[in-house]
Amino acid sequence: MGPRPEPVNHVRLFPLLPLRGMLVFPHMVVHLEVGREKSVAAVEEALANDRLIVLASQRETRQDRPDPSDIHEIGTIAEVKQLIKLPSGTIRVLVEGIARVRVHHYVAEEPCFRVRAEELSMPDEGSSQAGALMRTAVHQYEQYMKLSKRIPAETMASVTAEDRPGRLADIMAAHLHGVLKPEDRQDLLEALDPAARLELACQILGREIEILELERRISSRVRKQMEKTQKEYYLREQIKAIHKELGDKEDRTSEVDEYRQKIADAGLPPEVEERALRELDRLEKMPAMAAEAVVVRTYLDWIVGLPWSLQTEDRLDVTGARGILDEDHYGLEKPKERILEYLAIRQLAKELRGPILCFVGPPGTGKTSVARSVARALDRRFVRISLGGVRDEAEIRGHRRTYVGALPGRILQGMRRAGSRNPVFLMDEVDKLASDFRGDPAAALLEVLDPEQNHAFSDHYLELPFDLSKVLFITTANTSHTIPRPLLDRMEVINLPGYTEDEKVAIALHHLLPRVVPEHGLQQANLEISEGALRAIIREYTREAGVRNLERELATACRKTAKEIVEGRPGPARITTSNLHLFLGPPRFRLSLAEKSDEVGVATAVAVTESGGDIMPIEVTVMRGKGTLLLTGKLGEVMRESAQAAFSYIRSRARELGIEENFHERYDLHVHIPEGAMPKEGPSAGIAMAVAVTSALSNRPVRRDVAMTGEITLRGRVLPVGGVKEKALGAHRAGMKTMLLPRENEKDLEEVPLPIRQKLEFVLVDHMDQVLELALAGSQPVAFPEEALPPVRPELTQGHPG
C-alpha cells in the first residue's frame, strides 16, 4: 500500500460515496459494504487515482437512488485502505477517515457522483475550558461504559490518552457509533469548533446515561417482581403439598368444584355447557394469579349468571290485565288493546314469540310508563335501557374477550338483571341512536329485534347463541323518521298521539294530583283545584302533547300551598281561574283561537306541532308589482313548493274564479304564516294557502269558523294528509265549527274521540272547487277592485298591461 496522500487544503475534485445509516468520523477505521453501481464506481475511481474519496451520509436511508439534495453537505474525506470482492457481487472496503470536508457542488452524477470539496479544519488546541470539558467527557464516557456493557474496556485507554478536545470528541463518537442516533452523529460531524463539538458530545453522553439509568431501574424492578412471583409459586406448591399430606381439600379445587356445581344447576343448553366446562378445565390448569385466570372467571360468572332456562309464568287473565292497565294509565287504547290481544293468543297458543312493539309519540305521553305497566299486567320482570346518544356498536353486542375489561353488551346485561328469559325489555329513545367510526348500533339491533334471528342472538363477548325469542321487546321514539328503515320494518309501530284537553283533565284528577300532593307533604284536603283552573293550566301554562309540564305546574301549586301552610295561614288553598296567577304567575302561552270575524285573505290551516295539533292562520296580501310570490314565516322547502302549486292552480282557473287573468303580471302576492320563529314544513297547508290567495284576489272573505287541511295538486285535486286526530283536537280547541278534510282521510276519523266528532263538523272534499265553495263567504266572486290598491307611480307601470 502506497504512502498516505497529502491533506486536502483547497477545493478539488473527488468521487463521492453516499452512506446509508452510518457515518465515518476523522481517524475512524471501518469496513464498508458497497453494492450500488454508483458506489462501486466511486470506489474504483478513488483506487485508480489517489485513493481519496468523500463519504457523506444520506438524509433518508430508504432512498436507493439518492439525488444530490438527498445527501448531507458535510462529510468526511477518507482513504481507501483495502478492497475485497465478495461472492455476492458486492465489495468490502476498508477506509480510514482523514478530515471533515464540505461539498461545494456536484460536477457529475454518472457513472458516480463527482464533487468539488474542501477540507474543514480548525485549530485543535487545549485551554483551561477545554481541559475541564475533556475531564467531564472522559468521566461521562467511563460512566457510560460501565452502564452499557456494549463498549469494550480497551477503548478507555485511547480516550484517556488523547489531549486534544476535537480529536477526543471524534474518538468517542467513533466508539459510540452503533449507539448514537443518525442525527446526533451528523451534528457531531458538522460541529467544526473542537470545544463546541466536545460539549455536544458531553450532552449526548449525558442523555444516554440517563436512559441507561432508567433501563437499569426498570430491569431491577422486573427482576424483583419475578423473584417475588417465583417465591410465591414455591410457597404455594409447599402449601399444596401440606394440604395433600393432611388430606385437606385445596382452595383451588374448591373453587373449580363450585363452578362445576353452578354449571350443573344453571340448566345450560348442551353447546353452552360444553363451552363452560372447557373453560373450567382451562382455569383449573392455570396458575391462580395468572392474568388470564381472571378473564376466565369473569366469563364463567357471566355464563352461569344468565337466565338460560329460567322464565316467569304470565298472568293470562285478560280482565285482570285490563284492570291493571286502566289503573295505571288513562286512555292509550291502542297499546292496551295490543297487549290484551297478545294475552288472548297466549291462552290459545302456548308457544308464541314475543311481539316487538314500537311506541311512537310526543314527549310526556306515557310511552315509558306504559311499558312498565305492561310488565305489571303480564306479571313479568321489567328491564329498561336508554339508547339515546349510543354510538358504539359494542354497546349492543359487547366487546371481544381479547380486550382488557371486556363485558357483554347492554342486551345481555339487561337479561342478567331481569333474571328470566321472558321479561318486558324496554329500549328507550331508539330514534336517538347515533353512529360513528366505532360502528352503527342500529345495525346491531337488527338481529335483536328480528323474530327470525333473535332466537340465537350472539354477543361478541360470550360468542354463544342466546335465545331472545321469549322477550317482549318494546321500543319508544318521539318520531319514526329518524329510525333506519330496516330497523323500523322489524317493529310493529303503535302511535301514541297527544292527549285531548278532556283527557288531560281526567289524568290530572285521577293520576297526577293523587301522586303530586302526597309527594309535597300535603293531604287532599289541603288543596282544592277547580276543573276550570285545570283547563286554564292546560291552555295557558302548558303547550304540549303529554302531561309532563302539567305535572310540573301542579307541583308548583303544591309548593306554594305547602309554604302557606308552614306560614300558618288557615284553611285549605282553593285554586280557581281568578286566582291561578297568584300560584303560577302570568299565563305563558296565548291560546290560538278562531278569528273574531270573517276576513279577506286569511284562511285557517291546521298543523301538527310538538305539543299536538294547533291552528295556523295563513295571511295573504296583494300589492302592485310584477307577479312576485313572496313567502315568509320560516317555511320549509316542501311548504314553499305547495304554495307555488296553489299559485299555479289559481292562475290556471282565474277566469272561473272571477279573478283578472293577468293578475300575475300586475300584482305581487305576499303569503305569510305568523309565529315566524317557528319552522314550518309539509304539504298539508296547500288548500288553505289556495283559499287565502283566492280570497285576497277576489276580495271575498273566508269563513272564520272553518279549518282545513289537505295537499293540493296543479289540477285542484285534494290529496290525503297525516295527523288527522291531532289536527281535529287542535281545531276543536281553537273553537272551530267545521273542518275540511280530504275524502281519502275518512278512515282516519275513527281515531278522533267521539266528543270531538259530535262537536266538530267534518266535511270531506275531493277537489279545490268544493273547498272554495265551503270556505269563502258571499255568493259570487268579484274582481279585485282597483280602488283598494294604493296609487302607483307611472314609471313603475311602463311596459306592463293596464
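Residues numbered from 1 in each chain as written. Predicted model: local features only at pLDDT ≥ 70, side-chain atom pairs only at ≥ 80, totals over all residues. Heavy atoms only, no water.

In this section: the overall build of the protein chain. Helices and strands together make up the secondary structure of the protein chain, namely 26 helices and 26 strands. Across the 802 residues of the protein chain, 47% fall into the buried class. Long-range pairs, those at least 24 residues apart, make up 73% of the contacts in the protein chain with a sequence separation of at least 6. (Helix = DSSP H or I, 4+ residues; strand = E, 2+ residues; numbered from the N terminus. Buried < 20%, exposed > 50% of the residue type's maximum accessible area, 1.4 Å probe, protein only. Contact = heavy atoms within 4.5 Å.)

What follows concerns the side chain of Asp 450. Tracing the sequence through the fold places Asp 450 in the loop between α15 (441-448) and β10 (457-458). Assessed through its relative accessible area of 10%, Asp 450 is described here as buried. Reaching out from Asp 450, the side chain makes a polar contact with the side chain of Gln 453 at a distance of 2.8 Å. Discounting residues that sit within four places of it in the chain, Asp 450 has contacts with Ile 356 and Arg 490. (Polar contact = N/O pair within 3.5 Å; in protein donor to acceptor, adjacent residues only side chain to side chain.)

In the predicted model, the protein chain carries a mean pLDDT of 80, and 90% of its residues have values of at least 70. Contacts of residues 1-8 to residues separated by more than four positions or lying in other chains number 13 contacts, the stretch itself having pLDDT below 50. Note that residues 779-802 has pLDDT below 50 and, in this model, 35 contacts with residues that lie over four places away or in other chains. (pLDDT = per-residue confidence, 0-100.)

Here we take up a negative patch on the surface. On the surface, Glu 73, Glu 183, Asp 187 and Glu 190 cluster together into a negatively charged patch. One can find Glu 73 in the loop between β3 (52-57) and β4 (74-85). (Patch = residues over 30% accessible without salt bridge, like charges linked within 9 Å, V, L, I, M, F, W, Y side chains within 5 Å. Areas by Shrake-Rupley, 256 points an atom, 1.4 Å probe, with all protein chains shown as cover. Salt bridge = Lys/Arg side-chain N within 4 Å of Asp/Glu carboxyl O. Lys, Arg positive; Asp, Glu negative; His and termini not counted. Charge placed at Lys NZ, Arg CZ, Asp CG, Glu CD.)

Turning next to the packing of helix α21 (residues 637-652) against helix α23 (residues 686-698). Viewed as axis vectors pointing N to C, α21 and α23 meet at an angle of 45°, and their least axial separation amounts to 9 Å. One finds that α21 runs oblique with respect to α23. For α21 against α23, the interelement crossing comes out right-handed. Between α21 and α23, the contacting residues are Met 639, Ser 642, Ala 643, Ala 646 and Ile 650 on the first element and Gly 686, Met 689, Ala 690, Val 693, Thr 694 and Leu 697 on the second. Class assignment of the residues belonging to the contact of α21 with α23 gives a composition of 8 nonpolar, 3 polar and no charged. (Axes fitted to C-alpha atoms, helices over the stretch in contact; angles between N-to-C directions. Parallel < 35°, antiparallel > 145°, perpendicular 65-115°, else oblique. Left-handed = near helix turned anticlockwise from the far one by under 90°. Nonpolar A, V, L, I, M, F, W, Y, C, P; charged D, E, K, R; others polar.)

Moving on to the nonpolar core. Of all hydrophobic cores here, the largest spans 55 residues; its most connected members are Met 427, Val 448 and Leu 462. The dominant element in this core, judged by the number of residues it contributes, is helix α9 (residues 291-305), at 7 residues. Once residues lying within four places of it in the same chain are set aside, the contact partners of Met 427 are Ile 385, Leu 387, Ile 411, Leu 445, Val 448, Leu 449, Phe 473, Ile 474, Thr 475 and Thr 476. (Core = buried A, V, L, I, M, F, W, Y, C linked by side-chain atoms within 4.5 Å.)

The next subject is the sheet that holds strand β13 (residues 492-495). The strand order β8-β9-β12-β7-β13 describes an open sheet built from 5 strands, whose pairing is parallel. Each edge of the open sheet carries a strand with a single partner, namely β8 (382-386) and β13. When strand polarity is set aside, the average angle formed by the axes of neighbouring strands in this sheet is 20°. Pairing analysis gives 5 bridges linking β8 to strand β9 (residues 424-428), with the strands arranged parallel. (Pairing = 2+ DSSP bridges.)

Under the counting rule described, the total for this entry stands at 5 aromatic pairs. On the basis of an interplanar angle of 55° and a centroid distance of 5.8 Å, the ring pair of Tyr 299 and Tyr 461 is categorised as tilted. Pair noted here: Tyr 299 is in helix α9 and Tyr 461 is in the loop between β10 and β11 (465-466), with a separation of 162 residues, a long-range link. Aromatic pair Phe 647 and Phe 663: ring centres 5.9 Å apart, planes at 85°, arrangement edge-to-face. Of this pair, Phe 647 sits in helix α21 while Phe 663 sits in helix α22 (residues 663-666), and the two are 16 residues apart along the sequence. Here the two residues Phe 647 and Phe 663 agree in accessibility, since each one is buried. Directly above the ring of Tyr 299 sits Arg 401, whose terminal nitrogen or CZ lies 3.9 Å from the centroid. The residue whose ring lies beneath Arg 416 is Trp 302, and the NZ or CZ to ring-centre distance is 4.3 Å. (Phe/Tyr/Trp six-rings, centres within 6.5 Å; stacked < 30°, edge-to-face > 60°. Lys NZ or Arg CZ within 6 Å of the ring centre and 35° of its normal.)

Once that is clear, we can look at a nonpolar patch on the surface. A surface patch of nonpolar side chains, amounting to about 350 Å² of accessible area, comprises Leu 214, Ile 218, Val 222 and Met 226. Note that Val 222 resides in helix α6 (residues 194-246).

On to the pairing of strand β17 (residues 602-609), then. Taken across its 8 residues, β17 has 6 buried, putting it largely inside the fold. By the bridge criterion, 2 bridges tie β17 to strand β22 (residues 706-708) in an arrangement that is parallel. Bridge pairing in β22 places Thr 604 opposite Ala 707.

A separate point is the packing of α9 against helix α14 (residues 410-418). Where α9 meets α14, the closest approach of the two axes is 10 Å, and the angle between their N-to-C directions is 60°. Considered as vectors, α9 and α14 are oriented oblique to each other. Of α14, the residues touching α9 (which contributes Asp 301, Trp 302 and Gly 305) are Leu 412, Gln 413 and Arg 416. Classifying every residue of the contact of α9 with α14 by side-chain character gives 2 nonpolar, 2 polar and 2 charged.

Further remarks concern helix α12 (residues 367-378). In this model, α12 (12 residues) spans 17 Å end to end at C-alpha, consistent with the 16 Å of a helix rising 1.5 Å per residue. All buried positions along α12 are accounted for by Lys 367, Val 370, Ala 371, Ser 373, Val 374, Ala 375, Ala 377 and Leu 378. The elements touched by buried residues of α12 are α10 (318-328), α11 (333-348), β7 (356-360), β8, β9 and β12 (472-477). Looking one or two places after α12, you find Asp 379, whose phi comes out positive at around 60°. (Expected span 1.5 Å × (residues − 1).)

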